[in-house]
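Structural features, examined
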Amino acid sequence: MPRTIRDVVFVDGVRTPFGKAGPKGIYHETRADDLVVKAIRELLRRNPDLDPAKIDEVAIAATTQIGDQGLTLGRTAGILAGLPQSVPGYSIDRMCAGALTAVTSTAGSIAFGAYDVVVAGGVEHMGRHPMGEGVDPNPRFVSEKLVDESALFMGMTAENLHDRYPQITKLRADEYAVRSQEKAAKAYANGKIQQDLVPVSVRRTNAEAGETGWGLVTADEPMRPGTTLESLAGLKTPFRAHGRVTAGNAAGLNDGATASLLAAEDVARELGLPVKMRLVSYAFAGVEPEVMGYGPIPSTEKALAKAGLTIDDIGLFEINEAFAVQVLAFLDHYGIADDDARVNQYGGAIAYGHPLASSGVRLMTQLARQFEEQPEVRYGLTTMCVGFGMGATVVWENPNFDGGNK
């Protein structure tokens, strides 16, 4: 008999503060799976009416699935978080769009009726596991010219995107980066971010003093409030001599985890769970790997077409800032101004950081907060570029919509 497709909703989302990767980073001595556990436990604490036994799946993404990010992370993190052993789990890899794919994959299963409630998220400990650790790209990619060699280095693909869009100058990228830092600092000052952060206790070693102690992480480490155009102008361009991509107009190397609760809308209402966003459509698209930052453009076109919407229907955008040029290319394509008030209202990854597979849920959590504050907005989207030439987009509807102009 034919099945009824159910509406899927975003119930809640949390994340750890994001840290800088490396020996001096806040999570240098913290395991990746423990970061995921913190996020899952916080979801359960915030939603006490949800019986953990009712969770049907735990989908956790990681780009580098080895060490403390391996061993079917969704399953192991669920057990470590104290979920009943009856709750299954699995791992996902779609590089930067890992957590976003965890959401869309499980959402499809909810719509189909296989699941009622799921946990979906991601983690990346780039300090322990640098991007590309342990991989062995097939030599045919280069020898048969299937892709340009630069496709294997994300910073080079950003330089290639600058070549594709010569009107996107280094100055424009730096100006965008300054705005991202300013918006993030304002969001923190107004208490918009802290509500969804999970405090994490961390072990710290002071090698010079020979001392070890414990601290509590409550804020994102990568942020650089007070960043100016002058301070960005002199930064090195490590991917190309006299290039345009710098550490100032790109996301850094980061550690962090995210987790979200998704449910069928009727189940969420029945269980008394909050309904923060309603999923409308989603799409993935492939592009030339050497200009992977272009990916959100075709994935957004596909997602809008599936929803029967146009770009003008979107009242809020959460665009992952892997590189400023990638966001600016998206905005140029759609005729949106660099400083459009609808875009990344709380700032983005240039300020907060981008722990690869975890970032998709950060975008969703920030969009959900904005929906709550702006009931006049009906639709928003979360989108990101993905390594090796892909884009990912999810369109969301605001359940608080009050019939405003959007």
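Going by the structure above, here's the rest.
These notes cover the structure that comes with them. These figures come from a predicted structure and were not determined experimentally. (Residues numbered from 1 in each chain as written. Predicted model: local features only at pLDDT ≥ 70, side-chain atom pairs only at ≥ 80, totals over all residues. Heavy atoms only, no water.)

Looking at the overall build of the protein
The following threshold applies: Helix and strand assignments follow DSSP, with helices taken as H or I runs no shorter than four residues and strands as E runs no shorter than two, numbered in order from the N terminus. We compute the radius of gyration over the C-alpha atoms and compare it with the globule rule, which gives 2.2 Å times the number of residues raised to the power 0.38. Each residue's exposure class comes from its accessible area (1.4 Å probe, protein chains only) as a fraction of the maximum for that residue type: buried when under 20%, exposed when over 50%, partly exposed otherwise. By definition in these notes, contact holds between two residues if any of their heavy atoms fall within 4.5 Å. Areas reported here follow the Shrake-Rupley algorithm with a probe of radius 1.4 Å; residue values treat only the protein chains shown as occluding. Charged residues are defined here as Lys and Arg on the positive side and Asp and Glu on the negative side; His and the ends of the chain fall outside this count. Positions of charges follow a simple convention, taking NZ of Lys, CZ of Arg, CG of Asp or CD of Glu.
On a plain count of helices and strands, the protein comes out with twelve helices and twelve strands. For 406 residues, the compact-globule formula gives about 22 Å, and the C-alpha radius of gyration of the protein, at 20 Å, lands near that figure. Seen along its three principal axes, the alpha-carbon backbone of the protein occupies a region of about 60 × 60 × 50 Å. Sorting the 406 residues of the protein into buried and exposed places 57% on the buried side. Intrachain contacts of the protein at a sequence separation of at least 6 include 79% that bridge at least 24 residues. About 16,300 Å² of surface is accessible on the protein, with carbon and sulfur atoms providing 52% of the total. Averaging the coordinates of the 39 positive side-chain charges in the protein and doing the same for the 50 negative ones gives two points 1 Å apart.

Observations regarding the packing of aromatic side chains
Selection rule: By convention, a stacked pair of Phe, Tyr or Trp rings (six-membered ring in the case of Trp) has centres within 6.5 Å and planes under 30 degrees apart, an edge-to-face pair has planes over 60 apart, and any other such pair is tilted. Sitting over a ring, as applied to charges here, requires NZ of Lys or CZ of Arg to be within 6 Å of the ring centre and within 35 degrees of the ring normal.
Across all of its chains, the model carries six aromatic pairs by this definition. Ring geometry for Phe141 and Phe388: centres 5.2 Å apart, planes at 75 degrees, overall edge-to-face. Pair noted here: Phe141 is in helix α4 (residues 140–143) and Phe388 is in the loop between β11 (379–386) and β12 (390–397), with a separation of 247 residues, a long-range link. With a relative accessible area of 28%, Phe141 lands in the partly exposed category. Following the ring pairs from residue to residue traces out a cluster consisting of Phe317, Phe330 and Tyr334. The ring of Tyr352 carries Arg15 above its face, with NZ or CZ at 5.5 Å from the centroid.

Let's talk about helix α9 (residues 296–307)
Rules: Given a helix with a known number of residues, its expected span is that number minus one, times 1.5 Å.
Spanning twelve residues, α9 covers 16 Å between terminal C-alpha atoms, matching the ideal 16 Å at 1.5 Å per step. Of the surrounding secondary structure, the elements contacted by the buried residues of α9 are β9 (277–286), β10 (314–319), α10 (324–334), β11 and β12. Of the residues flanking the end of α9, it is Gly308, one or two places downstream, whose phi is positive at about 70 degrees.

Focus: the pairing of β12
This is how the line gets drawn: Criterion used throughout: strands pair if DSSP finds at least two bridges between them.
The buried fraction of β12 amounts to seven of the eight residues, a majority that puts the element mostly inside the structure. Here eight bridges tie β9 to β12, and the two strands are oriented antiparallel to one another. Its bridge partner being in β12, Leu279 is matched across the sheet by Trp396. Summarising the sheet, β11 and β12 pair through eight bridges and their orientation is antiparallel. Counterpart to Leu381 in the pairing with β12 is Val395. Here β11 folds back onto β12, and the loop between the two strands holds three residues, one of which, Phe388, carries a positive phi near 65 degrees.

So, to be careful, I would describe these as geometric facts and stop short of saying anything about function.
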